[in-house]
Amino acid sequence: MAKLIMTADDSASVRQMVSFTLKQSGYDVVEAVDGKDALTKLGTQKVDMLITDLNMPNLDGIGLIKGVRAGSLNKFIPIVMLTTESQDSRKAEGKSAGATGWIVKPFKPEQLIAVVKKVLG
Amino acid sequence: MSSPQEQHIATYREEAGELLAELETSLLELEDNPQDNDLINRVFRAMHTIKGSGAMFGFDDIARFTHEVETVFDQVRNGKMQVTRTLLDLTLQARDQITSMLEASAGGPPSDEANGQRIIAGLQQLLPQAAPRSAVTETAVAASADNSTNRTYRIRFKPLPEVMLGGTNPINLLNELRDLGSCEVIAHLDAIPTLDQLIPEHCFFYWDIILTTSRGIEAIKDVFIFVEDDCDLKIDLIDDSSAPTSDDNYKKLGDILVERGDLSPVEMQKILSMQKRFGEILVEQGLVPASKVQAALLEQQQVKQVRQERTATAPAAAEAALSIRVPAERLDHLVNLVGELVTVQAHLTQIAGNRHDNEISAVAEEVERLISELRDTTLNMRMLPIGSTFSKFKRLVRDLSAELGKEIDLETTGAETELDKTVIEKLNDPLVHLIRNSIDHGVEMPDIRRAAGKPAKGVVHLAAEHSGDSVLVTIRDDGAGLDKERIRAKAIERGLITATTELTDKEIFNLIFAPGFSTAQKVTSVSGRGVGMDVVKKAIEALRGTIDIASQQGKGSVITLRIPLTLAIIETLLVRIDKSYFVLPLTMVEECIELTRADVQAAHGRHLAHVRGELTPYINLRSEFEITANQPDIEQIVILSVNGKRIGFVVDDVVGEHQTVIKTLGKLYRDVRGISGATILGDGTVALILDPGLLVQSVAMTEQEQFG
């Protein structure tokens, strides 16, 4: 069965790109337009992985990661954050919130897949 | 239909347009409420998205420009800067600049770069101090420098207990290491607490990993990139190719443990003074847990192995990249499997033919094409150049000619000609015989040669060349040639022929292949014991080859061996008698003609057929194999060339060409004359492979007995 991955991003173009890349590699994708939308969906739907932007309206990426780790259904899933910042502070903030890894934008589709494969095993 | 990438770009333009509109509104609102953090965040987010997505879809100029503006707003967001009128003016100008860049990329007028630089310069002046300018092109998974040399690393990976709460599965990391190269993993269990203290969500394992990889240390670090802050990670290079390769032995167990800090040097010395096995004692004494000893032993083993391999492969390193050594039996197995596949494919083709279904026929044809290619490739793998055998003969010729007081040179051509490995091996003895014969009987003594006006030094020429599905091996000498009269006299003396028998030159030459025939006047150590040519002929026939002699007295002789390329699969003609199928080697088949009852009656019981005015003897396989049922009115004669003679074989029906996978017969049937093996047809029927040469011989023998 194909693994289900959620992409949470307020940018439709990034969602589209992430979603297209993942589907091409045989994953199923569910989209969320911001942190709040993502957290609501993750409350009822079991996914195998979450790819989230850090800067989002309503609830940002850090808040989303904390929310997922505090929940039960998707508590242990790998979470990869998309960040434009290569500074360690943002990464560290995300890591301490419970992110598994990160991808620095801009990234190429192959890089995305490499990271997904890395954390999904 | 545009490509996905173009669709993404279209979406990005649309999205950026919306964001720019939102940016404008937010900035204008911010002018009225400069302290509104929500608004500041919205501005930051809008620019952040324009930048991030822009870089992904190839709008690098927009990403670069927006980054500068965003950097300023990051300061504002963090409270390090105040929203001022100048800032808002510049940001609004920046927003217009982004819009024009976006339009330029969609085919609009080019944007004013100087204007962009002016805006950025203005924004940078607003910054409290020169903010660190960071590049935006870092990637998480860095490509590692690829080194071709193998290095061995010792890795101790001890994740924090909470590692799994961050979504990391340590197993995945270990698997990733395994993908890098040859890898041994030892799990340490000594940190696992008792059940009452165990937190199920925590990870108490840690691992020692010995990894031999050609990828650099960066590749290993990349594996742990997401967890480097959440684990205790120690990577040590313990062996690389610059280390002395002559020394296969790696450090002693104790040294490894001391180096790792698992054991103190003092403890090691103490233990060393005892006489038991070091590792066992350590465990017994409880100084080092068994798993750690095991890990160290594994390291020792792996490095030893790597070093041994390196020593073994060092001279052949350049060659190793180009070829792989495979045990011969594996290749044989492959050939067998391909043989089975050929049989199954024949079945498929047969079914497809019966179905009259174009789709199946198309598939069957494709399968046939692929399998024949596969067959050729597979058989090719067993091919070796015959040259290795040739070089052995140089020595043979040198030694023998010296012994006999002759001067002989061996010339070879076509050493690169390839033949099945087994065939080459079996060809060795017959070739030795033939070359010995040439040296002994063929090439004359130097003085005789000089008297005959030939150079004192004789030449034996050994050549191999491809000819269709066979290889022709010729042994040519410039010696005396065969003496027809002597052969004839000898044959009469031996009772092989009668004094009145009329024979062609070819038939006379063929007499030397008769058992017990030897014309050498004296028995030498080289040849002349009369066990020469008949043995050679048998050996060549066992390879399903033929042997042929041409000779001119005084000028020399040429012996030509025609050897099939492979022993496993041959092209044959499939024939039928009643319900039984037989196959005949296609290379021998000359033509097929009809045989009617009238023809048989006209021949008055002799087994002779008129073929274009020439009388051709035939063998009736029906009576030979005692098949009596369902004799058709019109039979077929397949005319084969057997030992240079045309001989017919009468069958009911000629089915057609057939690719025959040769199966040897069981022990019980091994000595049946005239049948060299069997094959399985497409529908599972067994067909016997006929050996025309032996069949003719056995028929001739029975006739002789009858008419004596």
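If you're wondering where the values come from, they're calculated on a predicted model, not measured in any experiment.

Novice: What is the right way to read the overall build of chain A from this model?
Specialist: Check the secondary structure of chain A and you find 5 helices and 5 strands. N-terminal to C-terminal, the α/β element order of chain A is β-α-β-α-β-α-β-α-β-α. A buried classification covers 52% of the 121 residues belonging to chain A. A separation threshold of at least 6 residues defines the contact pool for chain A, and within that pool the share at least 24 residues apart is 60%.

Novice: Before we go on, may I ask you to explain the overall build of chain B in this structure?
Specialist: The helix and strand inventory of chain B stands at 23 helices and 21 strands. Contacts spanning at least 24 positions in sequence make up 69% of the contacts within chain B whose residues lie at least 6 apart.

Novice: Got a minute to help me understand the environment of A:Leu54 in this structure?
Specialist: Residues and elements named next belong to chain A. With respect to the element layout, leucine 54 can be found in the loop between β3 (49-53) and α3 (61-70). Separated by 19 residues in the primary sequence, leucine 54 and glycine 35 place their C-alpha atoms 8.8 Å from one another. Those residues in contact with leucine 54 that lie beyond four places of it in its chain are Asp60, Gly61, Ile62, Met81, Leu82, Thr83, Arg90 and Gly94.

Novice: Is there a simple way to explain helix α1 (residues 12-24) of chain A in this structure?
Specialist: Structurally, the α-helix is built with 3.6 residues per turn, so residues lying three or four positions apart point the same way. Residues and elements named next belong to chain A. Here α1 contains 13 residues, and its C-alpha end-to-end distance of 18 Å stays within 8% of the 18 Å for a straight helix at 1.5 Å per residue. Here α1 has its buried residues at Ser13, Val14, Arg15, Gln16, Met17, Val18, Thr21 and Leu22. With its phi angle positive at about 90°, glycine 26 sits one or two positions after the end of α1.

Novice: Whenever I open this one, the sheet that holds strand β1 (residues 4-8) of chain A confuses me. Can you help?
Specialist: Strands pair in a sheet through their backbones, by hydrogen bonds, and they do so in one of two ways: parallel or antiparallel. All names here are of chain A. One open sheet holds the 5 strands; their spatial order is β2-β1-β3-β4-β5, and the pairing between them is parallel. Two strands lie at the open edges of the sheet, namely β2 (28-32) and β5 (101-104), each paired on one side alone. Here the strands of the sheet are splayed against their neighbours by 20° on average, with no regard to which way each runs. Relative to β5, strand β4 (residues 79-83) is paired through 4 bridges, and the arrangement is parallel. Bridge assignment links methionine 81 to a residue of β5, and that residue is tryptophan 102. Those strands touched by α1 are β1, β2 and β3, and its axis lies near 170° from that of β2.

Novice: Got a minute to help me understand the confidence of the model for chain A in this structure?
Specialist: When the pLDDT values of chain A are averaged, the result is 86; 96% of them are 70 or greater. β1(A) holds the highest mean pLDDT among the elements of chain A, 93, whereas helix α4 (residues 88-97) of chain A holds the lowest, 80.

Novice: In this structure, what is going on with the interface of chain B and chain A? I would like to understand it.
Specialist: Bring the parts together and some accessible area is lost; that lost area is often taken as the interface size. Facing 32 residues of chain B, the contacting portion of chain A comprises 35 residues. The element contributing the most residues to the side of chain B that touches chain A is helix α2 (residues 37-56) of chain B, with 8 residues.

Novice: How should I be thinking about the sheet that holds strand β9 (residues 470-477) of chain B in this particular structure?
Specialist: Residues and elements named next belong to chain B. Strand order in the open sheet made by the 5 strands is β6-β8-β9-β11-β10, with mixed pairing throughout. One side of each edge strand has no neighbouring strand; the edge strands of this open sheet are β6 (408-413) and β10 (546-552). Within this sheet the neighbouring strands show an average axis-to-axis angle of 15°, counted without direction. The sheet contact formed by β6 and strand β8 (residues 458-467) spans 6 bridges and is parallel.

Novice: Which parts of the structure should I look at to understand helix α14 (residues 358-381) of chain B?
Specialist: With 24 residues, α14(B) should reach 34 Å at 1.5 Å per residue; the first-to-last C-alpha distance of 35 Å fits that figure. All of the buried residues along α14(B) are B:Ala364, B:Ile371, B:Arg375 and B:Thr378.

Novice: Even after reading the chapter, I still don't get the packing of helix α4 (residues 85-105) of chain B against helix α5 (residues 113-126) of chain B, so can you show me in this structure?
Specialist: Packed helix pairs are characterised by how far apart their axes lie and by the angle those axes make with each other. All names here are of chain B. The contact between α4 and α5 brings their axes to 10 Å, and the two run at 150°. Viewed along their axes, α4 and α5 adopt a mutual orientation that is roughly antiparallel. The interaxial crossing formed by α4 with α5 has left-handed handedness. Judged by residue contacts, Thr86, Leu87, Leu90, Gln93, Ala94 and Gln97 of α4 engage Asn115, Gly116, Ile119, Gly122, Leu123 and Leu126 from α5.

Novice: How should I be thinking about the pairing of β2(A) in this particular structure?
Specialist: Look at any regular strand and the pattern is simple: side chains alternate between the two faces of the sheet. Residues and elements named next belong to chain A. In the sheet, β1 pairs with β2 via 5 bridges, with the strands oriented parallel. Each residue of the ladder has a partner; that of threonine 7, found in β2, is glutamate 31. Note on the crossover from β1 through α1 to β2: the handedness is right-handed.

Novice: Could you clarify how one ought to interpret the confidence of the model for chain B in this entry?
Specialist: Residue and element names in this part refer to chain B. For chain B, the mean per-residue pLDDT works out to 79, and 89% of the residues sit at or above 70. Under a pLDDT of 50 for its full length, residues 130-147 has, in the predicted model, 36 contacts with residues more than four places off or in other chains. A low-confidence stretch, residues 316-320 (pLDDT under 50), is modelled with 1 contact involving residues beyond four sequence positions or located in other chains. In the predicted assembly, ipTM is 0.82 and pTM is 0.43.

Novice: Just to check I follow, could you spell out the environment of B:Thr660 for this structure?
Specialist: Residue and element names in this part refer to chain B. Mapped onto the secondary structure, threonine 660 falls in strand β19 (residues 653-661). Sequence separation between threonine 660 and valine 583 is 77 residues, and the spatial gap between their C-alpha atoms is 8.1 Å. Dropping the residues within four chain positions of it, threonine 660 is found in contact with Ile569, Ile570, Thr572, Val583, Thr679 and Ile689.

Novice: Would you explain unusual backbone geometry in this entry?
Specialist: Leaving glycine aside, a negative phi is the common case for residues, and trans is the common case for peptide bonds. Residues and elements named next belong to chain B. One non-glycine residue, histidine 356, lies in positive phi territory at about 55°. Take histidine 356: it is sitting in the loop between α13 (328-355) and α14. For histidine 356, a count of 8 C-beta atoms within 10 Å puts it in the exposed group. The backbone of arginine 612 shows a phi angle near 45°, a positive value even though the residue is not glycine. Overall, arginine 612 belongs to the exposed group, with 7 C-beta atoms counted inside 10 Å.

Novice: Where do I start with the packing of helix α3 (residues 60-77) of chain B against α4(B) in this structure?
Specialist: All names here are of chain B. Remark: α3 packs on α4, axes separated minimally by 10 Å, with the N-to-C direction vectors making an angle of 175°. With respect to each other, α3 and α4 are oriented roughly antiparallel. Together, Asp61, Ile62, Phe65, Thr66 and Val69 of α3 and Thr91, Ala94, Gln97, Ile98, Met101 and Leu102 of α4 make up the contact between the two elements. For the contact of α3 with α4, the class distribution of residues is 7 nonpolar, 3 polar and 1 charged.

Conventions we followed
- Residues numbered from 1 in each chain as written.
- Chains lettered and ligands numbered in written order.
- Predicted model: local features only at pLDDT ≥ 70, side-chain atom pairs only at ≥ 80, totals over all residues.
- Helix = DSSP H or I, 4+ residues; strand = E, 2+ residues; numbered from the N terminus.
- Buried ≥ 20, exposed ≤ 12 C-beta atoms within 10 Å, placed from the backbone.
- Contact = placed C-beta atoms within 7 Å.
- Expected span 1.5 Å × (residues − 1).
- Pairing = 2+ DSSP bridges.
- Axes fitted to C-alpha atoms, helices over the stretch in contact; angles between N-to-C directions.
- pLDDT = per-residue confidence, 0-100.
- Parallel < 35°, antiparallel > 145°, perpendicular 65-115°, else oblique.
- Left-handed = near helix turned anticlockwise from the far one by under 90°.
- Right-handed = clockwise from strand over helix to strand, strands pointing away.
- Nonpolar A, V, L, I, M, F, W, Y, C, P; charged D, E, K, R; others polar.

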